[in-house]
Amino acid sequence: MKNTVFTFREQKAKGEKISMLTAYDYSTAKLMDEAGINGILVGDSLGMVVLGYEDTLPVTMEDMIHHTAAVCRGAKNTLVVGDMPFMSYQVSVEEAVYNAGRLMKEGRCQAVKLEGAASVCPQIRAITNASIPVMAHIGLTPQSINAFGGFKVQGKSEEAAKKLLEDAKAVEEAGAFAVVLECVPAKLAELISKSISIPTIGIGAGAGCDGQILVYQDMLGLFSDFTPKFVKKYANVGEMMTQAFRDYIADVQEGSFPAPEHTFAISEGVIKKLY
């Protein structure tokens, strides 16, 4: 059955946890879809884990459309959310609606995600009024890394915690169908989840959220530049791939690959006529 924004709301109402992962290509999205994941975020995290940038800021609309379209071709039953990159929605409400429309129309996703709270509520309202579902994102918002002074846990003081709770209520009121809580203390995230009617999707925000999301390269051990504290590694695929590459190199150098079973035959008579 196809997952939709209504599926997410029903899961929260029933107390069923929502599972999400990031993906950036057709093959990975197809595997996740077959596994039964509820949602895939085509995150601007692709800037770091796919394109090799130091942060998410250089990612463009063209990057996001390209990767979102690939994911959507592989995900048939999963709700696909396309991330709106830095400066694609902050400049004006009109630009936000236009770029959200591009991500939906050209990327073929079913919803978009943008970072921020009160400052982007006008954009959330306008985008949802254009019949485009919006997933909000508060707490640690990577596009604001320079303003935060790095990747830091948000909402630890009384004032900051109160603001995050207000932020969650603001994006709900603006029309967001769900909200990502990133790097938020677990008890605060649980309180926020109980205080709003839309689903909360946690990443580094504890088990009290309505759902969870991870960058798939992190949970599979494919990205070794750094590993956030909140990541659980479900497999060490990176090590397996490195060893497979070494085995291939050795086989090629030794001449054991390709073996006869990997080649195509031709009549000896044909070969003799070529001499």
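Just above, that's the structure.
Residues numbered from 1 in each chain as written. Predicted model: local features only at pLDDT ≥ 70, side-chain atom pairs only at ≥ 80, totals over all residues. Heavy atoms only, no water.

(A) How the structure looks around the overall build of the chain. When helices and strands are counted, the chain shows 12 helices and eight strands. If you line up the chain on its principal axes, its C-alpha atoms span 85 × 40 × 35 Å. The proportion of buried residues among the 275 residues of the chain is 49%. Here the analysis covers contacts within the chain between residues at least 6 apart in sequence; of these, 58% occur between residues at least 24 apart. Summing over all exposed atoms, the chain offers an accessible surface of approximately 14,300 Å²; the carbon and sulfur share of this is 57%. Taking the 26 positively charged and 32 negatively charged side chains of the chain as two groups, their mean positions are separated by 5 Å. (Helix = DSSP H or I, 4+ residues; strand = E, 2+ residues; numbered from the N terminus. Buried < 20%, exposed > 50% of the residue type's maximum accessible area, 1.4 Å probe, protein only. Contact = heavy atoms within 4.5 Å. Areas by Shrake-Rupley, 256 points an atom, 1.4 Å probe, with all protein chains shown as cover. Lys, Arg positive; Asp, Glu negative; His and termini not counted. Charge placed at Lys NZ, Arg CZ, Asp CG, Glu CD.)

(B) Examining helix 5 (residues 93–107) more closely. Helix length check: helix 5 (15 residues) gives 20 Å between terminal C-alpha atoms against 21 Å at 1.5 Å per residue, within 8%. Taken together, the buried positions of helix 5 are Ala 96, Asn 99, Ala 100, Arg 102, Leu 103, Met 104 and Gly 107. Lining the buried residues of helix 5 we find helix 4 (61–74), strand 3 (79–83), strand 4 (111–115) and helix 6 (121–129). Phi turns positive one or two residues past the end of helix 5, at Arg 108, with a value near 70°. (Expected span 1.5 Å × (residues − 1).)

(C) Examining the pattern of salt bridges more closely. Applying the stated criterion across every chain, the model contains eight salt bridges. With its nearest N and O atoms 3.1 Å apart, the salt bridge here joins Glu 62 to Arg 102. Taken as a pair, Glu 62 in helix 4 and Arg 102 in helix 5 lie far apart in primary sequence, 40 residues in all. By relative accessible area, which is 48% here, Glu 62 ends up partly exposed. Here Glu 106 and Arg 102 are joined by a salt bridge, their closest N and O atoms 2.8 Å apart. With Glu 106 and Arg 102 both in helix 5 and four residues apart, the pair spans about one turn of that helix. Judged by its relative accessible area of 39%, Glu 106 is partly exposed. Take Arg 102: its relative accessible area is 17%, and that puts it in the buried class. (Salt bridge = Lys/Arg side-chain N within 4 Å of Asp/Glu carboxyl O.)

(D) The arrangement of the environment of Gly 82 in detail. When you line up the elements, Gly 82 lands in strand 3. Along the sequence, Gly 82 and Arg 108 sit 26 residues apart, while their C-alpha atoms lie 8.9 Å from each other. Excluding anything up to four places from it in sequence, Gly 82 contacts Val 42, Thr 68, Leu 103, Cys 109, Ala 111, Val 112 and Lys 113.

(E) Fine view of the sheet that holds strand 5 (residues 134–139). Overall, parallel pairing links the eight strands, which are arranged 1-2-3-4-5-6-7-8 in a closed barrel. Adjacent strand axes in the sheet meet at a mean angle of 25°, parallel and antiparallel pairs treated alike. Examined bridge by bridge, strand 6 (residues 178–182) and strand 7 (residues 200–203) share four bridges and lie parallel to one another. Directly across from Val 179, in strand 7, lies its bridge partner Thr 200. Together, strand 2 (39–42) and strand 3 form the strand contacts of helix 4, whose direction differs from that of strand 2 by roughly 155°. (Pairing = 2+ DSSP bridges. Axes fitted to C-alpha atoms, helices over the stretch in contact; angles between N-to-C directions.)

(F) Seen up close, the environment of Ala 70. When you line up the elements, Ala 70 lands in helix 4. Those residues in contact with Ala 70, other than ones at most four positions away along the chain, are Asp 25 and Tyr 26.

(G) How the structure looks around the packing of aromatic side chains. For the structure shown, the criterion picks out three aromatic pairs. On the basis of an interplanar angle of 65° and a centroid distance of 6.2 Å, the ring pair of Phe 8 and Phe 177 is categorised as edge-to-face. Note that Phe 8 is positioned in helix 1 (residues 5–14) and Phe 177 in the loop between helix 8 (158–174) and strand 6, a separation of 169 residues in sequence. Looking at Phe 8, the relative accessible area reads 0%, which means it is buried. Its relative accessible area of 1% is what places Phe 177 among the buried residues. Consider the rings of Tyr 24 and Tyr 216, whose centres lie 6.2 Å apart with planes at 35°: the pair is tilted. Residue Tyr 24 is found in the loop between strand 1 (18–22) and helix 2 (26–35), and its partner Tyr 216 is found in helix 10 (residues 216–219); the two are separated by 192 residues along the sequence. You can call Tyr 24 buried: its relative accessible area is 3%. The buried category is assigned to Tyr 216, whose relative accessible area is 11%. (Phe/Tyr/Trp six-rings, centres within 6.5 Å; stacked < 30°, edge-to-face > 60°.)

That's the geometry; what it means functionally is another story.
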